[in-house]
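Inside the fold
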Amino acid sequence: MPAQQTNPLRVGLRQERVISPQCLVIFGASGDLTHRKLIPALFELFRQRRLPSEFAILGCARRPWSDEDFRARMAEAMASEIQQHQSAWEQFSGCLFYEPVDLQKDEDVVKLGSRLETLDRLKATRGNRTFYLSVSPAFYGSGCRALANAGLLQDPSRSRVVIEKPFGTDYSSAQSLNRVVQSCGQESQIFRIDHYLGKETVQNILVLRFANAIFEPIWNRNYISSVQITAAETVGVEERAGYYETSGALRDMVQNHLTQMLALTTMEAPGRFDPEAIRNEKAKVLQAARLAYEDEPWKCCVRGQYSRGGSPASPLAGYRQEPGVNPESTTETYVAMKLFIDNWRWQGVPFYLRTGKRLPKRLSEVVLTFRKAPVQLFDAAGGTPTANQLVLRIQPDEGAGFVFDVKAPGSGMRSRPVDMHFSYDESFGEPSDEGYVRLLADAMLGDPTLFTRSDEVEAAWRLYTPLLELIEDAPARLPVYPYEARTWGPAASDSLLAEDGLMWRRP
Ligand SMILES: NC(=O)c1ccc[n+]([C@@H]2O[C@H](COP(=O)([O-])OP(=O)(O)OC[C@H]3O[C@@H](n4cnc5c(N)ncnc54)[C@H](OP(=O)(O)O)[C@@H]3O)[C@@H](O)[C@H]2O)c1
């Protein structure tokens with residue numbers, strides 16, 4: 001038997017990766033994302049001893065806080081977490097600093113340069129910097145420009161910029177933003193974040209596909225008849241009406257999270273486990289994706305908006321009754337659509353994507369439905385024979401399942417579907433890290449694998465351009481159907497699948 005070959009590239013990637021001494025600069029340090037996600041993720045990295053001892057976090061925003069104010073605000077926001085890890089927090093908070101900076105004022109950004117040099121001396125951070133733009137998307141381009149003008153992005157090996165979502169609001173704005181940020185530094189310095197890619201279960205799509213030889217031969221149009229990708233939320237718009245009213249579900253969830261799950265599920269195997277090889281394959285498959293009916297895009301998409309629902313004991317407001325929402329809003333809180341991918345692997349296989357707020361269950365999953373057995377020898381216990389399904393459960397019940405038929409107990413020979421089930425929790429016994437833990441570490445390591453490259457982000461926007469244009473120019477062609485809160489979306493979304501003789505999976 002030939003010896004199994006060892007790929008030298010993989011050996012390198014398997015080794016423990018160490019973050020270099022550096023300063024993480026967070027713009028938007030007084031904002032929601034910083035205290036809710038970024039600082040908790042950094043504290044987690046600190047407690048896991050994955051941060052170097054030569055490390056500083058410099059918070060920046062316009063308000064005139066001091067280092068002490070910043071430390072106190074972060075401690076307040078994380079009070080319950082800190083209670084259990086008091087001494088770790090005391091050490092960690094020694095890494096926290098603050099500098100008032102208005103990103104729109106060049107002189108502030110120049111002054112920031114001097115503060116960074118002081119921190120380099122104080123914390124031995126050696127001029128390595130990761131700048132995290134956790135500010136309004138309106139500042140992504142101008143923020144990069146201000147950093148470049150202040151000479152803070154000059155050395156590609158020492159400076160990086162992390163850009164939050166959303167990256168653009170459509171194809172042309174994403175293209176313009178890409179042009180601006182690429183004029184400020186090299187593509188290798190830009191880390192466009194999609195926190196879904198930080199989830200173990202999303203990364204597991206790659207491992208499941210490419211570490212197990214049994215899947216590749218059947219992972220194509222010959223064996224798979226359709227694919228459903230769902231990201232369902234139980235929450236409504238909450239306090240995000242200001243942002244959501246201009247975004248809607250298509251921009252907020254489909255263009256990024258659902259499209260990333262689509263790309264990982266459908267991409268070709270990369271030649272090697274290398275960031276660019278993976279991103280090449282993702283970009284390629286997104287470039288081959290298209291709406292099911294290109295000339296009649298309204299036929300392949302259903303939009304919905306939640307109306308009042310819940311029970312008499314706990315009634316739920318409709319979207320239009322939520323604080324900050326226009327009472328006549330036509331923003332969609334639900335989208336379902338059908339796509340195809342025009343390549344040899346997937347030609348003719350329908351992909352159904354759906355996402356919504358105020359649905360009955362919180363869950364994200366990818367469901368691959370296989371073709372039915374060519375001859376039905378047995379009666380199905382439920383009446384109709386089922387097809388095998390592979391279910392990749394992204395959240396919250398992280399794992400995977402495989403649905404297949406077995407003999408139903410009894411004297412006859414009837415078949416019945418059962419579920420073979422893998423759970424991260426049961427197998428590994430510990431909850432997986434928050435997506436931001438992984439992504440912040442990767443950005444500081446300079447590993448772009450889980451970040452979106454410029455061509456990927458543009459391909460994702462291009463895919464949905466016909467729908468965005470329709471919503472803008474002829475909204476009546478893509479009406480927003482009401483659906484009762486805590487139901488699975490408007491009936492029209494069922495019709496989208498019924499036309500193909502299919503149904504949405506009801507988890
Ligand atoms: N929050 C989330 O859960 C979430 C999730 C995904 C993506 N994101 C993205 O993350 C980014 C930040 O979101 P957020 O919710 O944290 O926003 P936010 O709460 O509104 O915070 C915005 C921050 O920007 C600062 N800021 C405003 N103008 C500035 C300027 N000219 N110069 C420097 N700083 C300025 C604000 O502080 P001052 O007023 O003191 O300047 C504040 O710290 C957004 O792009 C959002 O789309 C957020």
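Residues numbered from 1 in each chain as written. Predicted model: local features only at pLDDT ≥ 70, side-chain atom pairs only at ≥ 80, totals over all residues. Heavy atoms only, no water.

Describing helix 13 (residues 435–445)
Formally: The rule is simple: take the accessible area with a 1.4 Å probe, protein chains only, and divide by the maximum for that residue type; under 20% is buried, over 50% is exposed, in between is partly exposed. Each helix corresponds to a stretch of at least 4 residues labelled H or I by DSSP, and each strand to a stretch of at least 2 residues labelled E; elements are numbered beginning at the N terminus. In what follows, a contact means two residues having at least one pair of non-hydrogen atoms within 4.5 Å.
For helix 13, a buried count of nine out of 11 residues is recorded, marking the element as mostly surrounded by other parts of the structure. Buried within helix 13 we find Gly435, Tyr436, Val437, Leu439, Leu440, Ala441, Asp442, Ala443 and Met444. Taken together, the buried residues of helix 13 touch strand 1 (22–27), helix 2 (32–47), strand 2 (55–61), strand 4 (129–133), strand 5 (159–163) and strand 6 (190–192). Positive backbone phi, approximately 80 degrees, marks Gly446, located one or two places after helix 13.

Regarding the environment of Glu76
Relative to the elements of secondary structure, Glu76 occurs in helix 3 (residues 67–77). Classification of Glu76 as exposed rests on a relative accessible area of 60%. Linking Glu76 and Pro431, residues 355 residues apart in sequence, is a C-alpha distance of 25 Å.

What to know about the nonpolar core
This is how it is decided: For the purposes of this section, nonpolar cores are sets of buried Ala, Val, Leu, Ile, Met, Phe, Trp, Tyr and Cys residues that join through side-chain atoms within 4.5 Å. Note that the domain bounds were set by an automatic or database domain assignment.
By size, the foremost hydrophobic cluster in this structure holds 143 residues, and its most contacted members are Phe27, Ile39, Leu42, Leu112, Tyr132 and Met337. The element contributing the most residues to this core is helix 10 (residues 241–266), with 11 residues. Residue-level mapping places this core at the junction of two domains, with at least three residues from each of domain 1 (8–164) and domain 2 (197–498). Every residue in contact with Tyr132, bar those within four places of it in the chain, is listed here: Leu24, Val25, Ile26, Phe27, Leu33, Leu38, Val162, Glu164, Ile193, Tyr436 and Leu440.

Description of the domain arrangement of the chain
What counts here: What counts as buried area is the accessible surface, traced by a 1.4 Å probe, that two parts surrender upon association, with contributions from both included. Throughout this description, the term salt bridge denotes a Lys or Arg side-chain nitrogen within 4 Å of a carboxyl oxygen of Asp or Glu. Basically, the charged four are Asp, Glu, Lys and Arg, the nonpolar ten are Ala, Val, Leu, Ile, Met, Phe, Trp, Tyr, Cys and Pro, and anything else, Gly included, counts as polar.
Domain assignment breaks the chain into domain 1 (8–164) and domain 2 (197–498). The straight-line distance from the C-alpha centre of domain 1 to that of domain 2 is 33 Å. Taken together, the contacts link 24 residues of domain 1 with 15 residues of domain 2. A buried area of about 1,700 Å², summed over both sides, lies between domain 1 and domain 2, and 69% of it is on carbon and sulfur atoms. Summed over the shared surface of domain 1 and domain 2, the result is four salt bridges. Ranked by the residues each element gives to the side of domain 1 that touches domain 2, the list is headed by helix 2, at seven residues. Counted by class, the side of domain 1 that touches domain 2 contains 14 nonpolar, three polar and seven charged residues.

Looking at the site of the ligand
Note the threshold: Being near a molecule or strand, for a residue, means having at least one of its heavy atoms within 4 Å of it. Identification of polar contacts relies on pairs of N or O atoms within 3.5 Å, with a donor-acceptor requirement for protein atoms, meaning one able to donate a hydrogen and the other able to accept it, and with residues adjacent in sequence counted only if both atoms are side-chain atoms. Computed with the Shrake-Rupley method and a 1.4 Å probe, the accessible areas treat only the protein chains shown as cover for residues.
With respect to spatial proximity, 21 residues lie near the ligand, and among them Ser30, Arg36, Arg63, Val135 and Tyr140 are the closest. One of the side-chain N or O atoms of Ser30 is found 2.6 Å from an oxygen atom in the ligand. Coverage of the ligand by the protein amounts to 80% of the 890 Å² it exposes when considered alone. In terms of residue count, helix 2 provides more of the shell around the ligand than any other element does, three residues in total. Looking at side-chain class alone, the shell around the ligand contains 10 nonpolar, four polar and seven charged residues.

Some thoughts on the side chain of Arg279
Note on placement: Arg279 falls in helix 11 (residues 275–288). One polar contact links Arg279 to Glu276, side chain to side chain, over a distance of 3.1 Å. At a separation of 3.4 Å, a polar atom in the side chain of Arg279 contacts the main-chain carbonyl oxygen of Pro448. Sequence-distant contacts of Arg279, that is, excluding residues within four places in its chain, are made with Pro448, Thr449, Phe451, Thr452, Arg453 and Glu456.

Overview of the pattern of salt bridges
On inspection of all chains with the given rule, the structure shows 33 salt bridges. Of the charged contacts in the structure, one is a salt bridge between Glu99 and Lys111, with a shortest N-O distance of 3.8 Å. Residue Glu99 is found in strand 3 (residues 96–100), and its partner Lys111 is found in helix 6 (residues 106–123); the two are separated by 12 residues along the sequence. Salt bridges sharing partners connect three or more residues here, namely Arg17, Arg438, Asp442 and Asp447.

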